[in-house]
Amino acid sequence: MPVKVDMDKIVSLCKRRGFIFPSSEIYGGLASCWDYGPVGVELKRNVKETWWKAIVQDRDDVVGLDTSIMMHPGVWAASGHIDNFTDPLVECKSCHLRWRADAVEGKKCPQCGGELTEPRMFNLMFKTLMGPVEEEASIVYLRPETAQGIFVNFENVVTTSRKKLPLGIAQIGKSFRNEITPGNFIFRTREFEHMEVEYFVKPGTDEKWLDYWVKERFEWYVKLGIRKENLRLRQHGKDELAHYAKDCYDVEYLFPMGWSELEGIANRGDFDLTQHAKCSGKELSYRDAEAGEKYVPYVIEPSAGVDRSVLAFLVDAYDEEEVEGEKRTVLHLHHSLAPIKVAVLPLSRNEKLTPLAKEVFKQLCPNFMTDYDDSQSIGRRYRRQDEIGTLFCVTVDFESLEDKQVTIRERDSLAQIRVPIEGLEKVVEAKLKGEAFDASPLWATREK
Ligand SMILES: [Zn+2]
């Protein structure tokens, strides 16, 4: 059984090993804003690329899109965000802290016990001004979801992609929500990244497609190594459905703070296209020439958070193990998510070893994200690579100078094999694809 991990351990590992830093840290940080470091940016890129591959590349019924963050304000009036994208807010009359009304029990401030104001509705969209004139007409919003950029391009995409329905349009990008109470590290932040699909279907087939996408998306997390017992599905009650949704399921993950939403899969009906058609005056329907029919499609929307996926993958991969009487912390990240695939480690920093080790690095890095590290003892370097989830450590030792071979150590089994430097990239490639290590782990067989 892997260890139960608390959030502090994850935050500390992330800081220590260069996954995630507090934003503007030298100025004391900015609430709930985080920066991805050299290892974190690779993990995050891998999460997005794996999603994009599964959703866009591996399918013939989904195409991609990348729309702007700032859009015509009419979009947000039509989508209902200006009127409805709100949370009830209460403020403490003594300490002036603000709370989400539904997160406070009773009428007292959880911080100081002071009296709270009556709840008022607080819009979660960030507002800014476009252009040099500060007037009402120049107000624009930072998008709170990427979905609307997809809806307003429905006609453009259908026409140019020459695809028939059902058709999905996928987008990854930043969204902004002025959350009253962000928190739990990168779980709820005011600036975050969305991975969203709007999957347009014929009305009447929407329930079937909702089921399909719920299963599909649940399985995606399982395939990428998240343990099934840490995932569950939860259907929204009628009272918690968003203003646009007909039905909605959450994929939830057992985070250190408890079960929380990883992804929502909603049936948005024809709400968005109908609203945009009405407000823009442009017809947004689909003409099926073969069947001789015309209709406004329904939409199934799997909407995932990149950052909270990153967090779930980190938490689920985290483990502390004992090897030869020593504790090691290791991230058992799936091979497609691991930030670094191979680390090249000369046994020591030595003028004889360095040229060969550098050569091995140059041989591998065009093929895989490769790290080179010759600082400190080999044991400490292994520990560092384990902690960032590096799949393979390639060690160049003095024998390598003679036999032109290196040792590959596998992260999870700690098995080691000796292979020729020539063609090394092909061996690593095969191992990445799941080829077994033809060796029993040295640490398990070695005499104590
Ligand atoms: Zn207070």
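Higher on the page you've got the structure.
Computed from a prediction, not measured in an experiment: that's the story for all the values here.

Novice: Before we go on, may I ask you to explain the overall build of the protein chain in this structure?
Specialist: A count of helices and strands for the protein chain gives 14 helices and 23 strands. The principal-axis extent of the C-alpha atoms belonging to the protein chain is close to 75 × 65 × 50 Å. Taking all 448 residues of the protein chain together, the buried fraction comes to 49%. Look at the contacts in the protein chain between residues 6 or more apart in sequence, and 64% of them connect residues 24 or more apart. Put simply, the protein chain shows about 22,100 Å² of open surface, and 50% of that area lies on carbon and sulfur atoms. Across the protein chain, the centroid of the 62 positively charged side chains sits 1 Å from that of the 74 negatively charged ones.

Novice: Is there a simple way to explain the sheet that holds strand E3 (residues 62-64) in this structure?
Specialist: What holds strands together in a sheet is hydrogen bonding between their backbones, with the strands either parallel or antiparallel. Spatially, seven strands are ordered E3-E9-E10-E16-E13-E12-E11 in an open sheet, and the strand pairing comes out mixed. Single-partner strands in this sheet number two, and they are E3 and strand E11 (231-235). Taken over all neighbouring pairs, the strand axes of this sheet differ in orientation by 25° on average, direction set aside. Strand direction decides the pairing type here: strand E13 (residues 258-269) and strand E16 (residues 298-305), joined by six bridges, are antiparallel. Of the residues in E16, the one forming a bridge with Ile265 is Pro302. Along the sheet, helix H6 (residues 154-161) contacts E3, strand E9 (167-176) and strand E10 (191-201); its crossing angle with E9, the most-contacted strand, is approximately 135°. Here helix H7 (residues 206-223) sits on the sheet and contacts E10, E11, strand E12 (247-255), E13 and E16; the angle it forms with E13, its principal contact strand, is near 150°.

Novice: Just to check I follow, could you spell out the packing of helix H1 (residues 7-17) against helix H9 (residues 306-317) for this structure?
Specialist: Here H1 crosses H9 at 105°, and the two axes come no closer than 11 Å. Taken together, the axes of H1 and H9 lie roughly perpendicular to each other. Contact residues: Met7, Ile10 and Cys14 in H1; Leu311, Leu314 and Val315 in H9. For the contact of H1 with H9, the residue count by class is six nonpolar, no polar and no charged.

Novice: Explain the pairing of strand E21 (residues 392-396) to me, please; I cannot follow it from the model alone.
Specialist: Put simply, side chains in a regular strand alternate between the two faces of the sheet. Burial runs high along E21: five of the five residues are buried. Residue alternation in E21 divides its side chains into two sets, Phe392, Val394 and Val396 and Cys393 and Thr395, and both sets are buried. The sheet contact formed by strand E19 (residues 342-346) and E21 spans five bridges and is parallel. Across the sheet, Val342 pairs through a bridge with Phe392, a residue of E21. As defined by bridge partners, E21 adjoins strand E22 (residues 405-410) across four bridges and the pair is classed as antiparallel. By the bridge assignment for E22, Val394 is matched with Ile408.

Novice: How should the coordination of the zinc ion be read in this particular structure?
Specialist: Around a metal, the ideal angle is 109.5 degrees if four donors adopt a tetrahedral arrangement and 90 or 180 degrees if six donors adopt an octahedral arrangement. Ligation of the zinc ion by protein atoms is provided by Cys92 (SG), Cys95 (SG), Cys109 (SG) and Cys112 (SG), these donors lying 2.3 to 2.4 Å from the ion. One can describe the donor arrangement at the zinc ion as tetrahedral, given that its four donor atoms subtend angles of 102 to 117° at the metal. Counting the intervening residues between successive donors of the zinc ion yields the motif C-x2-C-x13-C-x2-C.

Novice: Would you mind showing me how to read unusual backbone geometry here?
Specialist: Trans is the common state for peptide bonds, and a negative phi is the common state for residues other than glycine. For the bond running from Leu165 to Pro166, omega is 0°, close enough to zero to count as cis. Within the secondary structure, Pro166 sits in the loop between H6 and E9. One non-glycine residue, Ser32, lies in the positive phi region at around 60°. In this fold, Ser32 is placed in the loop between strand E1 (20-22) and strand E2 (34-36).

Novice: Explanation requested: the side chain of Asp272 in the structure shown.
Specialist: Topologically, Asp272 is positioned in helix H8 (residues 271-280). Within the local environment of Asp272, its side chain forms a polar contact with the side chain of Arg268, the two groups lying 2.9 Å apart. Here Asp272 is in contact with Gln148 and Phe151, once residues within four sequence places are set aside.

The rules we used
- Residues numbered from 1 in each chain as written.
- Predicted model: local features only at pLDDT ≥ 70, side-chain atom pairs only at ≥ 80, totals over all residues.
- Heavy atoms only, no water.
- Helix = DSSP H or I, 4+ residues; strand = E, 2+ residues; numbered from the N terminus.
- Buried < 20%, exposed > 50% of the residue type's maximum accessible area, 1.4 Å probe, protein only.
- Contact = heavy atoms within 4.5 Å.
- Areas by Shrake-Rupley, 256 points an atom, 1.4 Å probe, with all protein chains shown as cover.
- Lys, Arg positive; Asp, Glu negative; His and termini not counted.
- Charge placed at Lys NZ, Arg CZ, Asp CG, Glu CD.
- Pairing = 2+ DSSP bridges.
- Axes fitted to C-alpha atoms, helices over the stretch in contact; angles between N-to-C directions.
- Parallel < 35°, antiparallel > 145°, perpendicular 65-115°, else oblique.
- Nonpolar A, V, L, I, M, F, W, Y, C, P; charged D, E, K, R; others polar.
- Donors = N, O, S within 2.8 Å, 3.2 Å for Na, K, Ca; no water.
- Tetrahedral: all angles 85-135°; square planar, octahedral: opposite > 155°, others 65-115°.
- Polar contact = N/O pair within 3.5 Å; in protein donor to acceptor, adjacent residues only side chain to side chain.

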